[in-house]
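An overview of the molecular structure
Residues per chain, in single letters:
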Amino acid sequence: MGDEQRNLAMIEFLASFSTVSQSPADILELSDGVVVFEALSEIAPSYFDPTTIARHLGENWVLKSSNIRKLVRNLQQFFQEDLKKTADFAAIDQTKIAREADADAVASLVELVAAAAVTCSSKGDYIQRIMQMSPEGQLAMKGVIESSLQRVSDYTTEDQYDDESELVFGGDNDGTEEAVGEDQLFGRNNAYDADELEEQLESAKKQITILKSQAAVAEEEGEKAQKKLRALVEDLQDRLDKRQEELSDLEQELQRTVTELNDTKAALATAQEEKAHLADDLDVANAKAGQLHKAEAALAAYKKKLDGAGTKTQQVSELEEQASKYLQQIVELENEVKKSNTLQKTVAELQEKIATLEDHRSHTESSTKSSEEVIEKLKSQLSAAESAKKMYQTELDELRAKQESLAALESSAPIPVPVPTGPSPEEKEKYMRLEIENKQLQEEVAQLTAAAETAAAASALAAVSLNETNESAIESMKEEIEALKTQLEQKEKENEKIVSDKERLEAYTKKTLSKFQDKYLVALQDCKTKLKEKQDKIESLEQRSVSERAAQKREERLLSSTIYELGLAIMQNKLKGGS
């Protein structure tokens with residue numbers, strides 16, 4: 001079970017009392033003793049009057065210490081007189097509660113309050129309140145009550161001071177007493193520290209008690225001596241002078257003892273002053289040690305944060321190295337992209353070559369078309385020549401038929417027909433011209449057919465060779481273009497991927513660096529501000545402790561001088577009364 005749960009349970013238990021004016025939110029709010037005193041006023045109203053304590057104390061630990069001391073004293077009296085029990089009240093560190101607001105010291109005091117609640121006459125009501133608390137609070141309060149009851153034991157001592165608010169000093173044999181109250185003793189020094197005065201007062205009471213016992217012993221011895229002197233006054237009249245001398249010697253010896261006692265008191269006062277100085281030095285050293293521990297813890301936390309920042313810087317350096325690798329890859333890919341630009345140039349050149357070849361092909365096709373048109377013209381002329389040849393052949397056949405018919409007529413002579421002597425010169429001339437024209441036409445037809453055949457063959461061969469070369473070149477170029485296009489597409493895809501990776505990497509790097517810088521700078525600034533605040537606080541506390549220490553020394557000197565003068569006056573009065 002943690003201390004925090006125990007503290008919360010104690011706060012919840014104290015808040016259940018109807019006499020508590022304001023419920024505490026933290027156990028440190030109990031350091032002034034007001035809430036605890038109000039809760040005890042419900043348990044034992046005759047011992048705890050909440051109107052007798054100081055309230056709204058702020059940071060005045062002196063008044064807080066006065067409240068705590070009164071609370072512990074009344075609680076001890078309630079335990080001894082009403083409950084017939086006692087506890088380790090001396091273990092309660094009142095200085096830590098009032099001055100340092102130590103949670104453990106406050107919890108030790110609240111434990112005794114819980115023990116008083118469960119052992120008083122109305123313990124049933126308070127146990128019922130504990131049962132109405134939350135389950136966690138009940139479990140924590142069970143542990144608190146068990147530990148508090150272990151600190152409580154039965155009370156057997158009966159020697160107590162009747163009145164702690166007054167100083168009683170023994171006097172002469174006639175029983176006269178001189179009572180000096182605290183108000184009469186410190187009426188002129190109300191501005192002094194009340195807590196320190198009470199501590200000095202308790203020590204003075206103890207010293208006065210010792211002196212009273214010594215004075216009582218001295219008084220008994222004096223009474224015995226006086227009785228002896230009265231019994232022997234008649235028989236020892238002559239020894240009266242000797243007895244007086246012895247008495248004077250005794251008085252001188254008593255004076256010496258008184259001076260020795262004063263010297264011892266002065267030495268005791270100096271020792272107490274040294275003790276107070278040492279206690280102050282110890283408190284200051286403890287405070288500085290606590291501050292040093294806190295500063296060391298803060299320094300360790302800052303070191304851890306700096307180590308974390310170092311790991312983050314290492315991560316950033318790794319990211320930078322990775323980014324540099326990516327940049328090298330990007331440069332290499334950009335070089336490849338530049339190479340792809342050269343490939344694009346070669347593709348453009350090849351495309352230009354293809355365009356020139358296509359132009360050449362179109363030109364050759366146009367030339368072939370023109371040659372085909374010439375061939376068509378020649379064919380038309382050949383067909384016209386053949387038709388003319390056929391016409392001439394028909395005419396020649398007709399003339400031959402006529403000639404044969406004439407020859408047949410000449411050979412047959414049954415009928416006396418006048419025989420012609422031969423063809424007429426016009427017909428011979430016409431026949432000769434037709435034969436010459438026929439030969440010429442045949443030669444022209446033969447030439448035209450040969451020229452047409454040679455032109456057709458040449459054009460066919462040229463077209464075929466040109467088509468084959470063009471097609472092979474075009475196909476090879478197309479294949480190269482396709483291959484280059486695929487390579488170009490692959491390179492473009494790789495470039496796009498690299499560009500996207502580069503953008504993502506740059507975005508991630510910027511984002512990581514910005515986050516790291518923001519977080520590291522904020523943490524560093526926060527650490528610096530906290531460290532500065534701690535240093536300022538330490539300096540202010542040191543100045544405050546120095547001033548408080550000086551004031552405490554002045555007050556202690558005044559108090560010791562007052563007590564010394566008072567004790568000296570009392571001793572002188574006793575000596576006067578004895579004489």
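Since the structure is predicted, the reported quantities are computational estimates derived from the model, not experimental observations. (Residues numbered from 1 in each chain as written. Predicted model: local features only at pLDDT ≥ 70, side-chain atom pairs only at ≥ 80, totals over all residues. Heavy atoms only, no water.)

All right, on to the overall build of the protein then. Counting its regular elements, the protein contains eleven helices and four strands. Sorting the 579 residues of the protein into buried and exposed places 26% on the buried side. Counting only contacts in the protein whose residues sit at least 6 apart along the sequence, the fraction spanning at least 24 positions is 75%. Total accessible area computed for the protein in this model is approximately 38700 Å², and 53% of it derives from carbon and sulfur atoms. (Helix = DSSP H or I, 4+ residues; strand = E, 2+ residues; numbered from the N terminus. Buried < 20%, exposed > 50% of the residue type's maximum accessible area, 1.4 Å probe, protein only. Contact = heavy atoms within 4.5 Å. Areas by Shrake-Rupley, 256 points an atom, 1.4 Å probe, with all protein chains shown as cover.)

As a further point, take the pattern of salt bridges. By the definition in use, this model includes eleven salt bridges. With a closest N to O distance of 2.5 Å, Arg6 and Glu111 form a salt bridge. Taken as a pair, Arg6 in helix 1 (residues 3-15) and Glu111 in helix 5 (residues 103-119) lie far apart in primary sequence, 105 residues in all. Neither Arg6 nor Glu111 differs from the other in exposure class; each is buried. The closest approach of N and O atoms between Arg129 and Glu42, which form a salt bridge, is 2.5 Å. Of the two residues, Arg129 is situated in helix 6 (residues 123-131) and Glu42 in helix 2 (residues 34-43); the sequence distance between them amounts to 87 residues. Residues joined by salt bridges that share partners form a network here, namely Arg6, Asp88, Glu111 and Arg151. (Salt bridge = Lys/Arg side-chain N within 4 Å of Asp/Glu carboxyl O.)

A separate point is helix 7 (residues 135-150). Each turn of an α-helix holds 3.6 residues, which means side chains three or four residues apart point in the same direction. Between its first and last C-alpha, helix 7 extends 23 Å over 16 residues, near the 22 Å set by a 1.5 Å rise per residue. Every buried residue of helix 7 is accounted for by Gly137, Ala140, Met141, Val144, Ile145 and Ser148. Down the axis of helix 7, the sector holding all buried residues measures 140°, keeping them to one side. In helix 7, the exposed residues that point more than 90 degrees away from the buried face are Pro135, Leu139 and Gln150. As for helix 7, its buried residues are in contact with helix 1, helix 5, helix 6 and strand 2 (152-154). (Expected span 1.5 Å × (residues − 1). Arc of directions from axis to C-beta.)

Counting residues in hydrophobic clusters, the biggest one holds 52 residues, and the most contacted among them are Leu75, Phe78, Phe79 and Met141. Only helix 1, helix 2, helix 3 (61-81), helix 5, helix 6 and helix 7 provide two or more residues apiece to this core. A total of twelve residues in this core trace back to one element, the largest contributor, which is helix 5. Setting aside residues no more than four positions away along its own chain, Phe79 makes contact with Lys84, Lys85, Phe89, Leu112, Ala115, Ala116 and Val152. (Core = buried A, V, L, I, M, F, W, Y, C linked by side-chain atoms within 4.5 Å.)

It is worth spelling out the environment of Ala103 at this point. For Ala103, the location among the structural elements is in helix 5. The class for Ala103 is partly exposed, based on a relative accessible area of 24%. Sequence separation of Ala103 and Glu4 is 99 residues, and the distance between their C-alpha atoms is 9.6 Å.

Attention shifts here to the packing of aromatic side chains. Evaluated as defined, the whole model comprises six aromatic pairs. Summarising the aromatic geometry, the rings of Phe79 and Phe89 are spaced 5.5 Å apart at their centres and angled 75° between planes, so their arrangement reads as edge-to-face. Highlighted residues: Phe79 in helix 3 and Phe89 in the loop between strand 1 (85-87) and helix 4 (94-100), separated in sequence by ten residues. Residue placement shows Arg129 over the ring face of Phe17; its charged tip is 5.1 Å from the ring centre. (Phe/Tyr/Trp six-rings, centres within 6.5 Å; stacked < 30°, edge-to-face > 60°. Lys NZ or Arg CZ within 6 Å of the ring centre and 35° of its normal.)

Turning our eyes to something else, we now look at the confidence of the model for the protein. In low-pLDDT segments, the atomic positions of the prediction should not be examined closely. In this model, the protein carries an average pLDDT of 76, and 82% of its residues clear a pLDDT of 70 or more. Taken as a whole, residues 159-192 scores under 50 in pLDDT and shows 57 contacts with residues more than four places along the chain or in a different chain. Counting contacts from residues 413-422, a segment whose pLDDT is below 50, to residues more than four positions away or on other chains yields two contacts. (pLDDT = per-residue confidence, 0-100.)

Judged by side-chain charge, Lys224, Lys227, Lys228 and Arg230 come together as a positively charged surface patch. Structurally, Lys228 can be placed in helix 9 (residues 194-231). (Patch = residues over 30% accessible without salt bridge, like charges linked within 9 Å, V, L, I, M, F, W, Y side chains within 5 Å. Lys, Arg positive; Asp, Glu negative; His and termini not counted. Charge placed at Lys NZ, Arg CZ, Asp CG, Glu CD.)

Of note in this structure, His56 is not a glycine but carries a positive phi near 50°. Given the relative accessible area of 82%, His56 is considered exposed.

Relative orientation of the contacting elements helix 5 and helix 6 amounts to 120°, with a least axis distance of 6 Å. By the angle between their axes, helix 5 is oblique relative to helix 6. Packed against helix 5, whose contacting residues are Ala117, Val118 and Thr119, the element helix 6 presents Lys123, Tyr126, Ile127 and Ile130 at the interface. Residue composition of the contact of helix 5 with helix 6, grouped by class: five nonpolar, one polar and one charged. (Axes fitted to C-alpha atoms, helices over the stretch in contact; angles between N-to-C directions. Parallel < 35°, antiparallel > 145°, perpendicular 65-115°, else oblique. Nonpolar A, V, L, I, M, F, W, Y, C, P; charged D, E, K, R; others polar.)

This paragraph deals with a negative patch on the surface. Together, Asp241, Glu245, Asp249, Glu253, Glu260 and Asp263 line one region of the surface with negative charge. With respect to the helices and strands, the residue Asp263 is situated in helix 10 (residues 240-411). The class for Asp263 is exposed, based on a relative accessible area of 53%.

The geometry of helix 1 relative to helix 5 is characterised by a closest axis approach of 11 Å and an angle of 50° between their N-to-C directions. By the angle class used here, helix 1 and helix 5 are oblique. Crossing of helix 1 against helix 5: the hand is left-handed. From helix 1, Arg6, Asn7, Met10, Phe13 and Leu14 reach across to helix 5, where they touch Ala107, Val110, Glu111, Val113, Ala114 and Ala117. Split by residue class, the contact of helix 1 with helix 5 holds eight nonpolar, one polar and two charged. (Left-handed = near helix turned anticlockwise from the far one by under 90°.)

Here Ser41 lies in helix 2. For Ser41, a relative accessible area of 9% gives the class buried. From its side chain, Ser41 meets the backbone oxygen of Glu38 in a polar contact 2.4 Å long. (Polar contact = N/O pair within 3.5 Å; in protein donor to acceptor, adjacent residues only side chain to side chain.)

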